Structures are given as C-alpha cells and as structure tokens.
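Summary of structural features
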Amino acid sequence: MPSKDKGQSSITSTDQELVLSSLEPEQLAGLKKHLIPRRHLKGPERFVIWSLRIYLLFMIVVVIYQVWASLH
Amino acid sequence: MNLGPLSRLTQQRVNQQDVVITHEDVDRAHDRVRVSAARAQRGPFSKFRLLWLLVGPGILVMLGENDGPSMISYAATGARFGIGFFLPFVVLTFCMAIVVQEMTMRLGSATHRGHAELIFDRFGPFWGWFSMIDLGIGNFLTLITEFIAIRAGLGFFGVPPWAAVGSALVFLCLAVAMHRYWTWERTLLAIAVFNLIFVPVALLTHPNWHSVGHAFITWKPLPGLSQDTLIIILADIGATVTPWMLFFQQSATVDKGLTTKDIHLGRIDTVLGAALAAAAAVATTIATAPLFVHHMTAENFQGAEFAQALQPLIGRFGAALFALGIVEAGMVASVTISISSAYAFGEVVHRPHSLNLPVTQGKSFYSVLFLLAATAGAIVLIPGLPLVYVVLLVNVVAVLAMPPALVFLFMLANDREVMGDLVSPLWANFLATCVVVFLTLAGVLFGVSVIAPNLFAFLGGK
C-alpha cells in the first residue's frame, strides 16, 4: 500500500488507486523532491547569459538615472 | 502509470511503497479523470467540453498581464498618440507573448516542474538565485502598481486609499480561500473576463472605424522618434511580456495537471487568452484616443485621471466603466502575481506549493502570497510617494528583465534531456530569437536616448 502523508488519514485506498492510475509519476507532489540532474553550461551559453546579466544591470542604472533626472 | 519525458532523466522508479499520496494529488487526479472522460467521449460537444476543462493558465496569464499599469499604459498610448501605429504594435506584442508563453506551457506539461525549480535544478543555484532576484523585485514592484491602480480606480468612486487597499487584500484572501485549483481558476477566469469592459468604453467614444482599419493595415500615422515615444513603446511591451508570466503559466500548468497530451489545447488556451487580452488592450487605446487632442503626457499616467478626463466625452457611466476596468485589472493581477511569487518560492525552497493545499499544509505558500501583497499595499499608502514614476518604471524594468529570463526559457525548451521530442521546433526558436533581439534593441535604444541624447538625435530621435 502506498503511504499517506501526515494528517492525510482521510485519503482512502480508492483515492490512492485513482491517483496512481490517473497521474504521471512526476506529477506526484511527494516525488517532486527528486532533483533533476544539473546541466553543464557551454562557453557560448555562459557568454550570452553573462552578457545579458551585465546588460540588465547597466540598464537598471540607466532607468534610475532617468527617473532621477525627471524628478530634478 | 503514464510516463512523461522527464522520467528518463530522473530515473524515477515509482515503487508503490515509497509513494506519499497527498490531498493535492487526489484533487489533481479527480481533475485528470474528468479530462480523460471528456477525451474518450465522441460527439459534437466533446471537443468543447475538453477545451473547457483544459483552458485556464493561458487565458489567466494573458488577462492577468492586462493589469493596472498595463491598462494605464494603453490608455496613455491612446491619449498621447491617438489611433495609428500603436494599434497594430500592441497586437504584435501579444504575438510575441504567444511565442514566449507557449514555451512555458510546453515545459510545464512535459516536466510537471515549475520554472524556478527547473532553472535551479538544471543551471544551479547561482543562476537560479539571479532569476529569483529578478522575479522577486519585478513582482514586488508590479504588485505595488496593482495597488496604485486599485487605489486610483476606486478613488474615482470616492473610496479612500486605505479602504481600497484593504478591499484588495480581502479579495486576495477570498480568491485563494477555496483551497482548490479548479475552483480558484474558474472563479478568477469569470472575473478576468471583465477585462473586456474596455470594449464598450471604446464603443462609447464612437471611434472612427476608417482610421482604425487604416492604422491596422498601414501602421500609420507613425509616431516621431523621441524619448517619450520610446518610453511608451517599452511600457506597451512591458504591458504584454514580463518575467512573472513565464513563472506563473508554467507553475499553473503544473498545478492544473496538464500533460503532454494536452499541449495542443494548451496552445489554444494561450492564443485565446492573447486574443481576449489584445482586444481589451486595443479597446483601451481606442477609448482614450479622443484625449489625443488634449496632449496628455506621462504625467497623466494615473488611472483615475483618464476616467475623469473621459467623462465629458462618454458620460459618467462610461467613465465609471473605465475606472471599474482599472480596478478589475489591478485586482486580478494582484492575485496572479502574488501566486506567481508564492509558487516560485515554494519551488525553490522545496515547500508545498499548490492552490489545492489546505492552509495547514501550505502555510509557507499562503504566507508568502499574503505578506507580499500586504507589504505592497502598505507602500501605496505612504503619503507623497511618486506613484506616477513607479507605474512608469515597472513596465520599463519588466522589458529590460525579459531578455535574461527568456534565454533560460529558450535553453530549457531546447533541452532534449528534459523535453524529449517536445523540444522547440526551428520556427519557434527563430521567433523566440527575434523576440529576444527585439526586446534587447528596444532597451538599448532607450538607454542611448537617456545617456547619449546627441547620438540619439543623430539616429533621428528628438
């Protein structure tokens, strides 16, 4: 028998059968704790991510300056 | 049990002895049984029944993004530029939103994992926290603007600010009090459809349909290239494609329990949502176009001013509809954005995160959701806060934060280990690349106009 979560005593065996027959394994809340293996980022991918990160930081400074200039 | 694409990667062997069944699972299983029954049916209405059961995340995310600041941006667009270039441009931004949001729906259906969770697991906590900081700041700022919109809209009816903020928080609590995703989704969908209230407002202004048709066909008259135009362009893009939408639709897709079999109808859900939201956005732009002659500027970006300004043209009833539309937009978005934050928080810290959870089992989920909204609401009550600039700022910041967010989405949607055969096709990758390049260039042009006005003038700007 599948186990029940703490405080889940109202879950019946019919419910358990229903869950196991109608949901995919990864849909079960209890099994989502399994981590998906890490992916190694390639050089070009790292370059694009860092470039966009720097772009975002720079543009935030620009926006702050624009707001400051508008208020003064 | 059925197996999704992720099973190969996680190597899960579902041993029935190890499975912990929760109420969340049971509720989702009941929803899936109804979907399976509808899919097995034959007859003229069976497809509509199936579509009815599966629509939700796409419509909610699109109408949710037609939020307070978005509607105010569309209103400012109509008031500032009238009927012309911006009508087809707004529709184009929704086409971009479809390209982006389809990827999140596909990811959620294939992996049953939220966006934040996937970024953390696949790319590690370093990039995961960067994404979360972007999302957290963006969502919090956007929530503030939702309360600004609610305050401004209810202010039209004489409701004091504290009562407006309080009623929004009560609405939020009632919206999530059902502890059932399905009920929450259907209730919010019914309320979100009121976003189309801007259509009768537009009709009350008796628009020149010849000009409207001409604008859609020719994209003219064109606005002059100026910093004001760029801000409106960025605000309109930010009114349609923002980071919270990526996180929300993927998490809602997972919470609803969509699987790979539902992807086709998930696409219809997304397109349907975009069509409804585009109709409301275009209607808002048309509704305020008569104000074009009054040369309204960014200083008039508060919702209530638009309703008051429209009153001589469309009467008290029409103006009240406009103000109600702003309130509805803010109310719905305050719910979806709070939930988007709570989903992401739960995914990252591996705490229960579902609208199917009773409060006792989802304390952290509901606490994050409410505390975030309450803090944002409290900030709006600070006297003398430059609310106008906060509204303006939020949509611009949303556009600037999109390219980094989109790159992670792009990589995940093309990750064959995670997606299997459901990786993005070539055409989707091409369109997604165009969206990233377009958003980045729009941001760069805005940056040039601010820090190098001479270069901007050289490029033809004013």
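Our structure is the block above this text.
Note that the coordinates shown come from a computational prediction; the quantities given were computed from them, not determined experimentally. (Residues numbered from 1 in each chain as written. Chains lettered and ligands numbered in written order. Predicted model: local features only at pLDDT ≥ 70, side-chain atom pairs only at ≥ 80, totals over all residues.)

What follows concerns the overall build of chain B. Counting its secondary structure elements, chain B contains 21 helices and 1 strand. Within chain B, the proportion of its 462 residues that are buried is 58%. Expressed as a percentage of contacts within chain B between residues at least 6 apart in sequence, the contacts between residues at least 24 apart total 86%. (Helix = DSSP H or I, 4+ residues; strand = E, 2+ residues; numbered from the N terminus. Buried ≥ 20, exposed ≤ 12 C-beta atoms within 10 Å, placed from the backbone. Contact = placed C-beta atoms within 7 Å.)

Here we take up the interface of chain B and chain A. Opposite the 54 residues of chain B that make contact, chain A presents 45 residues. Mapped by element, the contributors of at least two residues to the side of chain B that touches chain A are helix H1 (7-10), strand S1 (20-21), helix H2 (23-40), helix H7 (115-123), helix H8 (125-155), helix H18 (387-413) and helix H20 (426-451) of chain B. Of the residues forming the side of chain B that touches chain A, the biggest block, 10 residues, is contributed by H18(B).

Here the focus is unusual backbone geometry. All names here are of chain B. Between Lys-220 and Pro-221 the backbone carries a cis peptide bond, its omega angle lying at 0 degrees. You can see Pro-221 is positioned in the loop between helix H12 (209-218) and helix H13 (227-238). A positive phi angle, near 60 degrees, is found at His-112, a position not held by glycine. Within the secondary structure, His-112 sits in the loop between helix H6 (86-111) and H7. Here Trp-219, not a glycine, exhibits a phi torsion of approximately 60 degrees, which is positive.

With that settled, the discussion passes to the packing of helix H1 (residues 13-22) of chain A against H2(B). Contact geometry for H1(A) and H2(B): axes closest at 9 Å, N-to-C directions at 60 degrees. One finds that H1(A) runs oblique with respect to H2(B). At the point where H1(A) passes H2(B), the crossing takes the left-handed sense. Contacts between H1(A) and H2(B) involve Asp15(A), Leu18(A), Val19(A) and Ser22(A) from the first element and Asp25(B), Val26(B), Ala29(B), Arg32(B), Val33(B) and Ser36(B) from the second. (Axes fitted to C-alpha atoms, helices over the stretch in contact; angles between N-to-C directions. Parallel < 35°, antiparallel > 145°, perpendicular 65-115°, else oblique. Left-handed = near helix turned anticlockwise from the far one by under 90°.)

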